[in-house]
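What follows is the residue order along each chain.
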Amino acid sequence: MIKQTIFTRSCILKGSILTALLSLSMAVQSTQLTPVTMCVFDLLGKGGPVHQSLRSYKAAAMKWGANLSFRSYTDERVASEEFNNGVCDIVIVPGIRARSYNQFTGSVGSIGSIPTYKHMKIILATLSSPKASKYMREGEYEIMSIAPTGALFGFVTDKAINSPKKMAGKKITVLDNAPESQFLVSQVGMTPVSSTISNALQKFNNHSVDITGAPALAYEPMEMYKGLEPNGGIISWPFLQTTLQIIGRWEKLPEGFGQKSREYAQNGVDELITMVEKTEENIPKKYWIAISNEDRDTWSETFRHNRIALRDKGIYSGKALKLFRKVRCKIEPDLAECTAENKE
C-alpha cells in the first residue's frame, strides 16, 4: 500500500514537472514570435463564424512566426478605421472595403465579372500562386488571404422586380464604398438609400426599401425571410462575388507571412464554396426568381458597361478585369464579349 502511494505520488510529480516544462516551452516560443494584432469584422461578434474560423488560422500563424491577438468589430467601417489608425497590424474586412488597400483584389468584387463558383475557384487559385504575389502588395499593404463568402444576389420585395427595366424608380440600398451600386442606380434610374452592410438588411426586412443585395449566408442569421414576405424573391443571377479579405502591413509581419497565409487560405476554398452552395440550396425554392436568357443577357451587358466605366474612372483594376474576362471566355468561348471591340 505504501509502495503504491509512493508510486502514485511519483507519477503525479513527474506529470506536474512535464506540464510545467511544456508551459515554459510554449512561453519561450511565444516570446520568440512576432506579436500581431488583428482587427476582425464579424457581423455576429465574437461568437460569429469569422472568429471561429480564425482559431485554426491563429495556430497556423504561429508556424509562420506570428502570435495573433484579436479585436472584434460588428461594423466593418470601424474595423477599417482602427486599422488605418494603427490600432491593428492586420484587418479582416469585406472585399468591397479591401478595395481601398488593393485595387487588384478589390476588383474581385467587380459587378458581374465572376458569374459562377467555377469561375471563382479558378481566379482564387491564380491569385494565391507565388506568380501573383506582385499584385498582392500595394504600398505598405499586402493581401494575406481572400476567402469566398458567396455570390451577392438581388433581394426584392416583389417578384415582379426581376430586370433592370423593372427596377427603375425603386428604392435600393447603396453602400458608401460601393461605386458599382451607385453607378448601377444611375444606369437603371433607381432611388438610392444610403446604408451600411448591417442596416441595409434591416431596411429591407422592414420594407423601407424595395431592393437590397446580400449573399445567401446572410439569409438565416439576418432573418431576411421577413423582408421577402409576402411577395418577395431573390433574383437567381448573381450581381457579384463577395469575399472577406485579410490585409496587413507587410513590414510588421515575419518574412514570407503573406504568401504562406494566401496558400493556407486557398486550401480551404473548396470547403467554403461547398458550404455556401449548401446554404443557397437551403433557402426555400419559392423565393428564387428564375430569369430568362434574354434577361440574363441584359444583366450581363449592363454589368459589363458598368465595369468598363469604373475601370476608366480608376476604381477597378484593368489588369484584374482582363484576367476575369479571360476566365469567362475560357469557360464560355461563345460569349459576345469574347469578340467585342471594347473588351475589358
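Here the structure is a predicted model, which is why all the values come from computation and not from measurement.

Can you break down the side chain of arginine 99 residue by residue, with the values?
Its location among the elements puts arginine 99 in the loop between helix H4 (95-98) and helix H5 (103-106). For arginine 99, a relative accessible area of 11% corresponds to the buried category. Among the polar contacts listed, one links the side chain of arginine 99 to the backbone oxygen of glycine 106, at a separation of 3.3 Å. The contact partners of arginine 99, leaving out residues within four places of it in the chain, are Gly106, Gly109, Asn177, Pro179, Glu180, Ile315 and Tyr316.

If you had to explain helix H12 (residues 269-282) to someone new, which residues and values would you point to?
With 14 residues, H12 should cover 20 Å at 1.5 Å per step; its first-to-last C-alpha distance of 20 Å lies within 8% of that length. Turning to H12, its buried residues number three or more, namely Val269, Ile273, Val276 and Glu280. Axial view of H12: buried residues confined to an arc of 60°, hence all on one face. Turned more than 90 degrees from where H12 packs its buried face, Glu271, Lys278, Glu281 and Asn282 sit exposed. Where H12 is buried, its residues contact helix H6 (117-127), strand E5 (141-156), helix H11 (257-266) and strand E11 (288-289).

Requested: an account of the side chain of serine 128, with residues and values cited.
Here serine 128 shows up in the loop between H6 and strand E4 (137-138). Non-local contacts of serine 128, meaning those with residues more than four positions away in its chain, are made with Gln259, Arg262, Glu263 and Gln266.

Can you lay out the packing of aromatic side chains for me, pointing to particular residues and giving the numbers?
Across all of its chains, the model carries 15 aromatic pairs by this definition. For the pair phenylalanine 83 and tyrosine 141, a centre-to-centre distance of 5.7 Å together with 45° between the ring planes defines the contact as tilted. Remark: tyrosine 141 occurs in strand E5 and phenylalanine 83 occurs in helix H3 (residues 76-84); sequence separation between them is 58 residues. Relative to phenylalanine 303, the ring of tryptophan 299 lies with its centre 5.5 Å away and its plane at 35°, an arrangement referred to as tilted. Of the two residues, tryptophan 299 and phenylalanine 303 both sit in helix H13 (residues 293-312), four residues apart, roughly one turn of that helix. Here the two residues tryptophan 299 and phenylalanine 303 agree in accessibility, since each one is buried. Within the aromatic cluster, the residues linked to one another by ring pairs are Tyr57, Trp64, Phe257 and Tyr264. Directly above the ring of tryptophan 250 sits arginine 137, whose terminal nitrogen or CZ lies 3.9 Å from the centroid. Seen from the ring of phenylalanine 83, arginine 249 lies directly overhead, with NZ or CZ sitting 4.2 Å from the centre.

Can you break down the nonpolar core residue by residue, with the values?
In this structure, Met38, Tyr57, Phe155, Met167, Met224, Ile247 and Phe257 are the most contacted members of the largest nonpolar core, which totals 87 residues. Examining the composition of this core, we find that nine residues originate from one element, E5, more than from any other. If we skip the residues at most four places from it in the chain, phenylalanine 155 touches Phe204, Asp210, Ile211, Thr212, Ala214, Tyr219, Met224, Leu228, Gly233 and Ile234.

Explain the state of the cysteines to me, using residue names and the numbers behind them.
Considering all chains together, one arrives at two disulfides under this definition. A sulfur-sulfur distance of 1.6 Å marks the disulfide that ties cysteine 39 to cysteine 88. On the sign convention where negative means left-handed, the S-S torsion of about 50° between cysteine 39 and cysteine 88 marks this disulfide as right-handed. Within this pair, whereas cysteine 39 is found in strand E1 (residues 34-41), its partner cysteine 88 is found in the loop between H3 and strand E3 (90-94), the two being separated by 49 residues in sequence. In this model, cysteine 329 is linked to cysteine 338 through a disulfide, with the two sulfur atoms separated by 2.1 Å. On the S-S bond that ties cysteine 329 to cysteine 338, the torsion sits near -105°, and the link is left-handed. Like cysteine 338, cysteine 329 is buried. With its bonded cysteines labelled in order along the sequence, the chain shows the pairing 1-2, 3-4.

Lay out the environment of glutamate 142 in plain terms, naming residues and giving numbers.
One can find glutamate 142 in strand E5. Residues glutamate 142 and glycine 112, spaced 30 residues apart in sequence, show a C-alpha to C-alpha distance of 25 Å. Those residues in contact with glutamate 142 that sit more than four places away from it in its chain are Met136, Arg137, Ile246, Ile247, Gly248, Trp250, Gly258, Gln259 and Arg262. In terms of polar contacts, glutamate 142 uses its side chain to reach the side chain of arginine 262, at 2.9 Å.

Describe in detail the pattern of salt bridges, supporting the description with residues and values.
Inspection of the entire model under this criterion finds 16 salt bridges. Arginine 249 is paired through a salt bridge with glutamate 140; the nearest N and O atoms lie 3.2 Å apart. With arginine 249 in strand E10 (residues 240-249) and glutamate 140 in the loop between E4 and E5, this residue pair connects regions lying 109 residues apart in the sequence. Relative accessible area serves as the criterion here: at 9%, arginine 249 is assigned to the buried category. Taking the shortest distance from any N to any O, the salt bridge between glutamate 337 and arginine 328 comes out at 2.7 Å. Look at the salt bridges and you will find they share partners, linking Arg307, Arg328, Glu337 and Glu344 into a network.

Tell me about the environment of isoleucine 308, and please be specific about residues and values.
With respect to the helices and strands, the residue isoleucine 308 is situated in helix H13. For the pair formed by isoleucine 308 and glycine 45, sequence separation is 263 residues and the distance between their alpha carbons is 37 Å. Contact partners of isoleucine 308, with chain neighbours within four places excluded, come to Asn342 and Glu344.

Definitions and limits used
Residues numbered from 1 in each chain as written. Predicted model: local features only at pLDDT ≥ 70, side-chain atom pairs only at ≥ 80, totals over all residues. Heavy atoms only, no water. Helix = DSSP H or I, 4+ residues; strand = E, 2+ residues; numbered from the N terminus. Buried < 20%, exposed > 50% of the residue type's maximum accessible area, 1.4 Å probe, protein only. Polar contact = N/O pair within 3.5 Å; in protein donor to acceptor, adjacent residues only side chain to side chain. Contact = heavy atoms within 4.5 Å. Expected span 1.5 Å × (residues − 1). Arc of directions from axis to C-beta. Phe/Tyr/Trp six-rings, centres within 6.5 Å; stacked < 30°, edge-to-face > 60°. Lys NZ or Arg CZ within 6 Å of the ring centre and 35° of its normal. Core = buried A, V, L, I, M, F, W, Y, C linked by side-chain atoms within 4.5 Å. Disulfide = S-S within 2.5 Å. Salt bridge = Lys/Arg side-chain N within 4 Å of Asp/Glu carboxyl O.

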